[in-house]
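Structural overview for review
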Amino acid sequence: QNPKTSAIVKQLVAEGNAGELQKYFGSRMEFGTAGLRAAMGAGLSHMNDLTVIQTTQGFCRYLEKNFSDLKKRGVVIGFDARAHPPSGGSSKRFARLAANTFISQGVPVYLFSDITPTPFVPYTVTHLKLCAGIMVTASHNPKQDNGYKVYWENGAQIISPHDKGISEAIEENQEPWPQAWDDKLVDSSLLLHDPYATISKDYFKDIQKHCFHRNINKETKLKFVHTSVHGVGHKFVQLAFKAFDLSPPFAVPEQKDPDPEFPTVKYPNPEEGKGVLTLSFALAEKDGAKIVLANDPDADRLAVAEKQESGEWKVFSGNELGALLGWWIFTCWKNQNQDACAIKDVYMLSSTVSSKILRAIALKEGFHFEETLTGFKWMGNRAKQLMDQGKAVLFAFEEAIGYMCCPAVLDKDGVSAAVIAAEMASFLATKNLSLTQQLKAVYDEYGFHITKASYFICHDPKIIEQLFENLRNYEGKNTYPKFCGRFKVSGVRDLTTGYDSSQPDQKAILPTSKSSQMITFTFANGGVATMRTSGTEPKIKYYSELCAPPGNSDVEQLKKELDELVNALEKHFFQPEKNNLQRKTE
């Protein structure tokens, strides 16, 4: 019943354009653990009014099956600022249609009245003890995309078997219910609640538990620039700074207001490095700021850059910022907890493709470190399990610039991470230390961890599958490579098949998934490299790391060794020319 998508389809039918119609209707968007992610537009393969109604009907039925008190507790729904005028789709419109679906079945809905950061949804689920949460966002994807991200009652993103259960329920509930299209009905419903004011207040109160140097914050001369890259973050980071008694950061004027066109950047993703930060650097030069903080458009990720003595800007990698925040959060915890026994209940987590720097800190300091599969859904769920056992989970991170610094949000949160990074920088400034100098100090103490990650783009799933199958049958059937160029392979873990050469029974400890490709190679020189497919983009990613014990300070030599290892990995395992892979372009 959406006139715009309807017109697009009728036009294609009139033109007899079977190819395009096949693309639109040939297959339904797959509902996975990350929910939905696709371009907005007509047809079952895109995000639009109909597919959002169908998805929500399925999700609603699945929740009814799992929670006898769904009609008492309800769900929360949030949205970002994305919009797609050609198809009439927008995050707000989708959120209202989803709310309408639940309300039509007598389920209370806490629908935010305005845009919010993604972490506000998991926070609200836990804080108000709801059954589930939905965030309508495509995070840092290109502007035409949108998504539908789902949280369970524990406040973490769903993991299997929920994705499968929801997917089946969507298949069974495809015909829109009687009043499905009439989202105006929600406005007069007694089941509609707006959590915006209370959640804003309570969230900023909760993150203040992680403010340890209020006096320094009040006095600091350090200046910060913040960009929300045309997304939702501006207002919330300003409020977070206020909650910590820090002077507000300078906001990049061209990027501070939400704009679904993302006009000043090619990709609205701070992970892509300096290109996204050009305007931030210019403002920092003008205002004499030393540090740039950048959120992605839904404010669940954070990038940080610091001006060096040379005048150059250093953008910290996700692993470097993870090392700094891990060191900082542990240091703050230690200052608050003098009891030597308390440390045995302290945990930090990171994903298996992230740097192992937290493991090195944990070994030396005596707390626990665990690694999980890639993605915050695994860290959020594991953190909740540990917290339910009375453990303290201080910090979790992934190399894709995602940080969980407060246990009140069991997902990555770029708002709390931004203000905690600012307090850390302000504290270090009182000791005449920069973030860059402190990072070196962390590596000096716990051992250098040099990492390098990138990706290739490949739009052909067959080529991707063939590439990984070749690695599994490298020198005959069921044999993995013994060398990568001159580098000897000492171990292989394949989380697609469940094989791990380092385990006595050759079975991997981490859960395996046949639906995604992921192989990790350990090398005799102490290097580790993982190759994996992306769940949300047409990419084959790789992550590599060289860990040295404390005291080995020849960083240049380590970097050179890792560069050579990565070159060998690209040449022998990816074979970009043969497989027609497109490199990540700066």
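Residues numbered from 1 in each chain as written. Predicted model: local features only at pLDDT ≥ 70, side-chain atom pairs only at ≥ 80, totals over all residues. Heavy atoms only, no water.

A few points about the sheet that holds strand E15 (residues 368-372)
Let me state the cut-off plainly: A pair of strands is considered paired only if DSSP assigns at least 2 bridges between the two. Strands here mean DSSP runs of E at least two residues long; helices mean DSSP runs of H or I at least four residues long; both are numbered from the N terminus. Fitting a line to C-alpha atoms yields each axis, with helices limited to the stretch in contact; the angle taken between N-to-C directions then spans 0 to 180 degrees.
Overall, mixed pairing links the four strands, which are arranged E15-E14-E16-E17 in an open sheet. Only two strands of the sheet have a single partner each, and these edge strands are E15 and strand E17 (402-404). Pairwise comparison of adjacent strand axes, ignoring direction, gives a mean angle of 15 degrees for this sheet.

Some points on empty space enclosed by the protein
Put simply, the rule reads: Think of a 1 Å grid over the protein atoms and nothing else: a 1.4 Å probe that fits but is trapped marks a cavity, an open set flanked by protein within 12 Å on at least five of seven lines marks a pocket, and residues with an atom within 4 Å of a point count as lining. Grid points are joined across faces, edges and corners, and a volume is the space filled by probe spheres set on the points. Residue classes follow a fixed rule: Ala, Val, Leu, Ile, Met, Phe, Trp, Tyr, Cys and Pro count as nonpolar, while Asp, Glu, Lys and Arg count as charged, and any other residue, Gly among them, counts as polar. As used throughout, domain bounds are those supplied by an automatic or database domain assignment.
What the rule picks out here adds up to one cavity of 30 Å³ or more. Taken as a whole, the largest cavity encloses approximately 60 Å³ of empty space. The class makeup of the residues in the lining of the largest cavity is five nonpolar, two polar and three charged. Of the residues that make up the lining of the largest cavity, three or more belong to each of domain 1 (3-193) and domain 2 (204-313).

A look at the layout of surface pockets
In this structure, the second largest pocket spans a volume of roughly 320 Å³. If you trace the second largest pocket, you find 16 residues lining it, with Lys 290, Glu 306, Leu 433, Ser 434 and Gln 437 closest to the centre. Where the lining of the second largest pocket is concerned, the elements lending two or more residues are strand E12 (302-307), helix H15 (414-430) and helix H16 (435-446). A per-class count over the lining of the second largest pocket returns seven nonpolar, five polar and four charged. Residue-level mapping places the lining of the second largest pocket at the junction of two domains, with at least three residues from each of domain 2 (204-313) and domain 3 (319-446).

A few points about the packing of helix H6 (residues 120-127) against helix H8 (residues 196-207)
Rules: Angular relationships are summarised with four words: roughly parallel below 35 degrees, roughly antiparallel beyond 145, roughly perpendicular across 65 to 115, and oblique for the angles in between. Any two residues having at least one pair of non-hydrogen atoms within 4.5 Å are treated as being in contact.
Axis separation between H6 and H8 bottoms out at 11 Å; the angle between their running directions is 90 degrees. The orientation of H6 with respect to H8, classified from their angle, is roughly perpendicular. Every residue of H8 that contacts H6 at Phe 120, Tyr 123, Thr 124 and His 127 is listed here: Ile 199, Ser 200, Asp 202, Tyr 203, Phe 204 and Asp 206. Here the contact of H6 with H8 is composed, by residue class, of five nonpolar, three polar and two charged.

A few points about the environment of Leu 50
Selection criterion: Note on classification: 1.4 Å probe, protein chains only; a residue is buried when its accessible area is under 20% of the maximum for its type, exposed when over 50%, partly exposed between these limits.
As for its position among the elements, Leu 50 is in helix H3 (residues 49-66). For Leu 50, a relative accessible area of 27% gives the class partly exposed. Between the C-alpha atoms of Leu 50 and Glu 175, which are 125 residues apart in sequence, the distance is 9.2 Å. If we skip the residues at most four places from it in the chain, Leu 50 touches Pro 176 and Trp 181.

Observations regarding the side chain of Gln 57
To keep things clear, this is the line we draw: Here a polar contact means two N or O atoms within 3.5 Å. Within protein one must be a hydrogen donor candidate and the other an acceptor candidate, and residues neighboring in sequence count only if both atoms are side-chain atoms.
Counting through the fold element by element, Gln 57 comes out in helix H3. Residue Gln 57 is classed as buried on the basis of its relative accessible area, which comes to 0%. Separated by 2.7 Å, the side chain of Gln 57 and the backbone nitrogen of Trp 177 make a polar contact.

Re the UniProt feature "domain: Alpha-D-phosphohexomutase alpha/beta/alpha" (unreviewed entry) in the protein chain
So the rule is basically this: UniProt positions are given in the numbering used here, feature names are shortened, and annotations may be inferred rather than shown by experiment.
UniProt's entry tags residues 29-175, 202-307 and 318-446 with the feature "domain: Alpha-D-phosphohexomutase alpha/beta/alpha" (unreviewed entry), counted in the numbering of this structure. In residues 202-307, helix accounts for 35% and strand for 16%; the two terminal C-alpha atoms are 34 Å from one another.

Considering the nonpolar core
For the record, the criterion: Note on terminology: a nonpolar core comprises buried Ala, Val, Leu, Ile, Met, Phe, Trp, Tyr and Cys residues joined through side-chain atoms within 4.5 Å.
Membership of the largest hydrophobic core comes to 158 residues, with the highest contact counts inside it found for Phe 59, Phe 102, Leu 293, Phe 395, Tyr 403 and Met 531. The residues contacting Met 531, other than those within four sequence positions of it, are Leu 467, Phe 468, Leu 471, Gln 517, Met 518, Ile 519, Phe 521, Lys 541, Tyr 542, Leu 569, Phe 573 and Phe 574. Core analysis: the next-biggest nonpolar cluster, separate from the first, contains ten residues, Leu 349, Phe 376, Met 379 and Ala 383 among them.

Things to note about the domain arrangement of the protein chain
By the assigned domains, the protein chain splits into domain 1 (3-193), domain 2 (204-313), domain 3 (319-446) and domain 4 (448-583). Between the C-alpha centres of domain 2 and domain 4 the distance comes to 34 Å.

Re the side chain of Ser 45
The topology assignment puts Ser 45 in the loop between strand E1 (36-39) and H3. Residue class for Ser 45 comes out buried when judged on its relative accessible area of 16%. Reaching out from Ser 45, the side chain makes a polar contact with the backbone oxygen of Lys 23 at a distance of 2.8 Å. When residues no more than four places from it in sequence are discounted, the contact partners of Ser 45 are Lys 23, Tyr 24, Ser 27, Met 29 and Ala 38.

Re the packing of helix H1 (residues 3-15) against helix H2 (residues 18-25)
The relative placement of two packed helices comes down to the angle between their axes together with the axis-to-axis distance. The condition is simple: Here a crossing is called left-handed whenever its near helix is offset anticlockwise from the far helix by less than a right angle, and right-handed whenever the offset is clockwise.
In the contact formed by H1 and H2, the axes pass within 8 Å of each other and the chain directions differ by 145 degrees. Of the two elements, H1 crosses H2, and the hand of that crossing is left-handed. Contact with H1, carried on its side by Ile 8, Val 9, Leu 12 and Val 13, involves Glu 20, Leu 21, Tyr 24 and Phe 25 of H2 and no other residues of that element. Residue classes in the contact of H1 with H2 are distributed as seven nonpolar, no polar and one charged.

Re the packing of aromatic side chains
Aromatic rings in a pair are described by how distant their centres are and how their planes are angled relative to each other. This is how it is decided: Centres within 6.5 Å are what make two rings of Phe, Tyr or Trp a pair, Trp counting through its six-membered ring; a difference in plane orientation under 30 degrees is then read as stacked, over 60 as edge-to-face, and the rest as tilted.
Inspection of every chain in the model, using the stated rule, returns 26 aromatic pairs. Between Tyr 62 and Trp 152, the aromatic rings sit 5.9 Å apart at their centres with planes inclined by 55 degrees, giving tilted as the arrangement. Note that Tyr 62 is positioned in helix H3 and Trp 152 in the loop between strand E7 (145-151) and helix H7 (162-172), a separation of 90 residues in sequence. One exposure class covers both Tyr 62 and Trp 152, and it is buried. Between Tyr 474 and Phe 573, the ring centres sit 5.8 Å apart and the planes meet at 75 degrees, which makes this aromatic pair edge-to-face. Of this pair, Tyr 474 sits in the loop between helix H17 (461-472) and strand E19 (483-484) while Phe 573 sits in helix H18 (residues 555-574), and the two are 99 residues apart along the sequence. For Tyr 474, a relative accessible area of 31% translates into the label partly exposed. By way of ring pairs, the aromatic residues Phe 112, Phe 120, Tyr 123, Tyr 196, Tyr 203, Phe 204 and Phe 236 are connected into one cluster.

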